[in-house]
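# Structure assessment
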Amino acid sequence: MMRSMFAGVSGLRAHQTMTDVVANNIANVNTVGFKASRVQFADTLSQLIRGSSGGTGEATAGINPQQVGLGVSVSSTNKIFTQGGSQLTGRATDVAITGEGFFGVGFAGETLFTRAGSFSFDDDGYLTDPTGGVVQGWIAAQDGTVNINEPVSGMQVPVNATIPPSATTLISIAGNLDESVAIGELQNTAIDVVDGLGESHRMTISFEKAAANQWNVSVIDPSGASLGSSTIDFDPADGTLLTATPPSFTYTPAGGTAFTFDLDLGAAGSVDALTQFAGAASAQAIDQNGLGIGSLRSFAISNDGTLSGVFSNGETAVLGQLAITTFSNPAGLLGSGDSRFRATNASGQALVGIPNSAGRGGIAAGTLEMSNVDLSEEFTNLIIAQRGFQANSRIITVSDEMIQELVNLKR
């Protein structure tokens, strides 16, 4: 009778633990990156009443062991690392992992791991989680390259980052030169070019008809001085460009350094290049590749984890790369609160790499991974736990009544 009572007590404890786990799952139904847990029961050591014995042929049959179980215990509570649902936020620094892996975050001198990608930049430019953990990855070099063979570090973007200016090396020209104009007539277009210090200079590009199917192209600097002249030819049959080598010009700004730029007239023989047809003149400078100094304006995280900065001069530069960590046994991770985990001997070695490599998941920018708790399943488990608790309480009640009847035998 005492065995049955203690077995009932073990059942109460086990089902109370199951209720605690289910309650925690339900409480975190809206926690970003939360992973539900499940309880697994196992019977405890059984008391041996009589051992087993083998048979001796027809004379004596074999005897099975006689055992009485002593109750139930909780053998494990395991995390379920299935993918949670995705919630679009449109926030540039919200990221979700689609597949296996965890973000590494540095906190109080150690690296913890999380699936919750609700990040933001602090006043020092560090990419952090809501409780101050610094997201781990690789910082890009000045040329925008990322060396993933180096150890990971905290992702930091200088809030005052700039891109140095670059001098113009190419001006793109497109459109049509009117074939019907008289020799000596001009057609002009203008565009701003940039020197090595980022200053703009207005250049006038002049086309003068020199002969049938031939034009002289020259560039006039802001002071009105010519930087030189070059001849371009067109096919008299179809008006396409024959000159294959782009005209080249050099300009020296006052107090600055000389820089050379070419006029890109298009590929010779192509109708996409500068043409000479009878009709409206439309030749104009449409673009140039020089850039003034650029200051950081905004950020973006791409699907491969690349952190890019958008600068005021229209340029985009790679600033870093997010790292994703995988484990051979994620269920062996130890929860540390705030949707984070610690690595343990059971979880295996932390394997750090870039997204979409070696089984690691990708990155969904502007998205958060929600809890993977299934409410219908949790409420069902809650009913099962309640019924199990109720049944085990009845064992204790019946055992108590049996003991009471035994005490009453003295009367």
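Refer to the structure presented above.
In what follows, the accompanying structure is described.

### Some remarks on the environment of N188
Looking at the secondary structure, you find N188 in strand β16 (residues 186-194). Here S206 takes part through its side chain, which lies 2.8 Å from a polar atom of the side chain of N188.

### Focus on the packing of aromatic side chains
Under the counting rule described, the total for this entry stands at ten aromatic pairs. Both rings, one in F249 and one in F261, keep their centres 6.3 Å apart while their planes meet at 35 degrees; by these two values the pair is tilted. With F249 in strand β20 (residues 248-251) and F261 in strand β21 (residues 259-264), this residue pair connects regions lying twelve residues apart in the sequence. F261 matches F249 in its accessibility class, with the two residues each being buried. Ring geometry for F259 and F261: centres 6.1 Å apart, planes at 40 degrees, overall tilted.

### Structural notes on the side chain of R360
Of note, R360 is situated in the loop between β30 (351-353) and β31 (362-365). The side chain of R360 is buried and forms no salt bridge, while E100, the nearest opposite charge, is found at 11 Å. Those residues in contact with R360 that lie beyond four places of it in its chain are E100, I324, T326, L351, V352, G353 and I354.

### Focus on the environment of F389
On the secondary structure map, F389 appears in helix α2 (residues 375-407). For F389, a relative accessible area of 33% translates into the label partly exposed. Residues F389 and D304, 85 residues apart in the sequence, show an inter-C-alpha distance of 49 Å. Leave out the neighbours within four places in its chain, and F389 touches L12, H15 and Q16.

Parameters and conventions
- Residues numbered from 1 in each chain as written.
- Predicted model: local features only at pLDDT ≥ 70, side-chain atom pairs only at ≥ 80, totals over all residues.
- Heavy atoms only, no water.
- Helix = DSSP H or I, 4+ residues; strand = E, 2+ residues; numbered from the N terminus.
- Polar contact = N/O pair within 3.5 Å; in protein donor to acceptor, adjacent residues only side chain to side chain.
- Phe/Tyr/Trp six-rings, centres within 6.5 Å; stacked < 30°, edge-to-face > 60°.
- Buried < 20%, exposed > 50% of the residue type's maximum accessible area, 1.4 Å probe, protein only.
- Lys, Arg positive; Asp, Glu negative; His and termini not counted.
- Salt bridge = Lys/Arg side-chain N within 4 Å of Asp/Glu carboxyl O.
- Contact = heavy atoms within 4.5 Å.

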